[in-house]
Amino acid sequence: MSMQAPYGLRIIEDCLSCPLREERIFCDLPPAGIQKLSAITSSATYPKGAFLFVEGQPPRGVFIICSGRVKLSAASSEGKTMILRIAEAGEIVGLPGTISGEPYEATAEVLEPGQANFIPRELFLRFLKDHGDAALKVAQLLTNIYHVAYQEVRSLGLSRSAAAKLAKFLLEWAGHHPGSQQDENRLTLTLTHEEIAQMIGASRETVTRLFSEFKKKKLVQMKGSSLVISNRPALKILGGA
C-alpha cells in the first residue's frame, strides 16, 4: 500500500508491493528473503538538502532510495567539492563503507524531497550472510561501482578540455534523463551550473561560459531546465566519443 505524506510523496510501506521492485537490487529474491529484508528496514521521508550521511562518518548502514534523488559528493582539504554521481530511485547508497567497515567515502545529500529505507549495518551484514544470492548481488554492485568510478576518473584525467567534459556529460545525461522517450536529443537538466561544475571538475563560471558558447555554436538550445541537443554529431566529436 501507499499513503499520502509530507512533500506530496507517495509512501511505499511494503517492499513486496513496491512499484520500483523490478528495478532494485534485491527484487528477484524469494518472497521469504524480501520479507526478511522488509523486516529489518526502517523508512523515512527527507526534505531537499537533508543529509543521509557525511564523508568520513562511521558507517551506520545502507539506504535504499524509494523516491527522489541523492547527490553523492566528496570534498578536498581545500574545500573543493566533486559530485561523484547522482543516485536515483531504486538505487542503494552507503554500500562500500557498510561492507568494509571503513568510513563513508562520500556525502549523501537529498536533491529533492524523497523517501529512503535504512538498514543498520549489523542487520544488513547478517542478512547477506544468510542469503547468498543477495550477497552475490552486492558483490556485483560493488564491482559496478568500481568500474563506474574508474571510468569517471579516466574521463576527467584524460579529457583535454572543460568543453570536452561538458559535452560528454550532456550526452551521458541525455541517455539517462531524457525529457522525451521519443527524442533522445531532448532532456531535462535539473542540476545547477555549480552542480554540473562539481561533476566535471570545473568552475561554475567555466560551465556558464561554455553553455553560452554551445548555444552560440548551435550545439544546444536551452529554456529553463529543458535542453535540446541541436547538433549531436558535433557534440560527440567535441566530447571525444
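Conventions adopted
Residues numbered from 1 in each chain as written. Predicted model: local features only at pLDDT ≥ 70, side-chain atom pairs only at ≥ 80, totals over all residues. Heavy atoms only, no water. Helix = DSSP H or I, 4+ residues; strand = E, 2+ residues; numbered from the N terminus. Buried < 20%, exposed > 50% of the residue type's maximum accessible area, 1.4 Å probe, protein only. Contact = heavy atoms within 4.5 Å. Areas by Shrake-Rupley, 256 points an atom, 1.4 Å probe, with all protein chains shown as cover. Pairing = 2+ DSSP bridges. Axes fitted to C-alpha atoms, helices over the stretch in contact; angles between N-to-C directions. Parallel < 35°, antiparallel > 145°, perpendicular 65-115°, else oblique. Salt bridge = Lys/Arg side-chain N within 4 Å of Asp/Glu carboxyl O. Arc of directions from axis to C-beta. Phe/Tyr/Trp six-rings, centres within 6.5 Å; stacked < 30°, edge-to-face > 60°. Lys NZ or Arg CZ within 6 Å of the ring centre and 35° of its normal. Core = buried A, V, L, I, M, F, W, Y, C linked by side-chain atoms within 4.5 Å.

A word on the overall build of the protein. When you go through the protein residue by residue, the secondary structure sums to eight helices and 14 strands. Taken over 241 residues, the protein has a buried fraction of 41%. Long-range contacts, defined as pairs at least 24 residues apart, comprise 64% of the intrachain contacts of the protein with a sequence gap of at least 6. Looking at the protein as shown, the accessible area adds up to about 13000 Å², and 54% of this sits on carbon and sulfur atoms.

Another point: the pairing of strand β13 (residues 220–223). Two elements, β13 and strand β14 (residues 226–229), share four bridges in a ladder whose sense is antiparallel. Within the sheet, the bridge partner assigned to V220 lies in β14 and is I229. A loop of two residues connects β13 with β14, the two strands running antiparallel in sequence, and G224 in this loop sits at a positive phi of about 65°.

On to the sheet that holds strand β10 (residues 114–120). In spatial order, the strands read β3-β10-β5-β8; together these four strands make up an open sheet with antiparallel pairing. Lying at the two open borders of the sheet, with one neighbouring strand each, are β3 (42–46) and β8 (92–93). Against the sheet, helix α3 (residues 121–130) makes contact with β5 (61–67), β8 and β10, and its axis sits at roughly 75° relative to β10, the strand it touches most.

On to the packing of helix α5 (residues 162–176) against helix α7 (residues 204–216), then. Following both chains from N to C, one finds α5 and α7 inclined at 75°, their axes separated by 10 Å at the closest point. The angle between the axes of α5 and α7 places the two elements in the roughly perpendicular class. Along its contact with α5, which presents A162, A163, L166, A167 and L170, the element α7 presents T206, V207, L210, F211 and F214.

Scanning the entire structure with this criterion turns up seven salt bridges. One salt bridge connects E109 with K71, and the closest N-O pair in it is separated by 3.5 Å. Here K71 lies in strand β6 (residues 70–75) and E109 lies in strand β9 (residues 107–110), a separation of 38 residues in the sequence. Judged by relative accessible area, which is 9%, K71 ranks as buried. In the salt-bridge network here, residues are joined through shared partners; they are K71, E109 and E195.

Now for α3. The complete set of buried residues in α3 reads F124, F127 and L128. Along α3, the residues classed as buried sweep out an arc of 95° about the axis, all on the same side. When the buried face of α3 is taken as reference, the exposed residues oriented beyond 90 degrees from it are E122, K129 and D130.

Before going further, it helps to examine the packing of aromatic side chains. Centre-to-centre distance and the angle between the planes together describe a pair of aromatic rings. Applying the stated rule across the entire model yields four aromatic pairs. Between F53 and F63, the ring centres sit 6.0 Å apart and the planes meet at 35°, which makes this aromatic pair tilted. Note that F53 is positioned in strand β4 (residues 51–53) and F63 in strand β5, a separation of ten residues in sequence. Residue classification places F63 among the buried residues on the basis of a relative accessible area of 1%. With a centroid separation of 4.9 Å and an interplanar angle of 45°, the aromatic rings of F63 and F118 are classed as tilted. With a gap of 55 residues between them, F63 in strand β5 and F118 in strand β10 connect regions that are remote in the sequence. Aromatic ring contacts, followed pair by pair, group F53, F63, Y104 and F118 into a single cluster. A cation over an aromatic ring shows up here: R60 above the ring of F118, its NZ or CZ 4.9 Å from the ring centre.

With that settled, consider the sheet that holds strand β7 (residues 81–87). Taken in spatial order, the four strands line up as β4-β9-β6-β7 in an open sheet, and their pairing is antiparallel. Strands with a single pairing partner mark the edges of an open sheet, and in this sheet they are β4 and β7. Recorded for the sheet is a direction-independent mean angle of 30° between the axes of neighbouring strands. Pairing of β4 with β9, which is carried by two bridges, proceeds in the antiparallel orientation. From the neighbouring strand, F53 faces β9, where its bridge partner is A108. Most of the contacts of helix α6 (residues 193–200) go to β7, to which it runs at about 100°, and overall it touches β6 and β7.

Below, the discussion takes up the nonpolar core. Within the largest apolar cluster, 27 residues are counted, with the highest numbers of intra-cluster contacts made by L166, F169, L170 and F214. If we skip the residues at most four places from it in the chain, F169 touches L189, L191, I196, M199 and I200. The next biggest cluster of nonpolar side chains, apart from the first, holds 16 residues, and it includes L52, A87, Y104 and A108.

Purely spatial values, then, with no claim about function.
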